[in-house]
Amino acid sequence: MKKLALILGVLSLVACTDQKVVNYNTARLDNIETYLANNKAVKPSENLDKLVEEGKVEYTEEYLSLEKEAEKWQRERMQQVQQ
């Protein structure tokens, strides 16, 4: 009986952990999709200036990885806290 209770306890703990991981990953992917939708990038090319002038290209920013943006945000927050 104790073994059954122990097994059920462990299984319920694993189920809760799995749901937390799923929720975390879902939120993370949603953030990534939102970031990519808002920060479209264009690969550098020889005719980039021409495409911009003709209005064929809307965005000319280089892609900034999510990790680098997070590090930048963290540094800015630390500077604000220190002031």
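Per-chain numbering applies: the sequence of each chain, read as written, is numbered from 1 onward. Totals for whole chains, interfaces and linings use every residue, but because this is a predicted model, local features are given only for residues with pLDDT of at least 70 and side-chain atom pairs only at 80 or more, for both listing and counting. Hydrogens and water molecules were not included; the side-chain quantities draw on all heavy atoms of the structure.

1. Examining the overall build of the chain
So, point 1. Each helix and strand counted, the chain has three helices and zero strands in total.
So, point 2. Ordering the α and β elements of the chain from the N terminus gives α-α-α.
So, point 3. The buried share of the chain, reckoned over its 83 residues, is 5%.
So, point 4. Of the accessible surface of the chain, which amounts to about 8,000 Å², a share of 56% is contributed by carbon and sulfur atoms. Every helix listed is a DSSP run of H or I at least four residues long, and every strand listed is a run of E at least two residues long, numbered separately from the N terminus. Categorising residues by exposure relies on relative accessible area from a 1.4 Å probe, with only protein chains included: less than 20% of the type maximum marks a residue as buried, more than 50% marks it as exposed, and the intermediate range marks it as partly exposed. Accessible areas in this description were obtained via Shrake-Rupley with a 1.4 Å probe; residue shielding takes into account the shown protein chains only.

2. Some details on the environment of Ile32
So, point 1. Along the chain, the position of Ile32 falls in helix H1 (residues 2-38).
So, point 2. Through-space distance from the C-alpha of Ile32 to that of Ser65 is 9.9 Å; in sequence the pair is 33 residues apart.

3. Regarding the confidence of the model for the chain
So, point 1. Per-residue confidence for the chain gives a mean pLDDT of 75, with 73% of residues at or over 70.
So, point 2. Between the elements of the chain, mean pLDDT differs from a low of 76, seen in helix H2 (residues 48-54), to a high of 83, seen in helix H3 (residues 66-82). Confidence scores labelled pLDDT are given residue by residue by the predictor and lie between 0 and 100.

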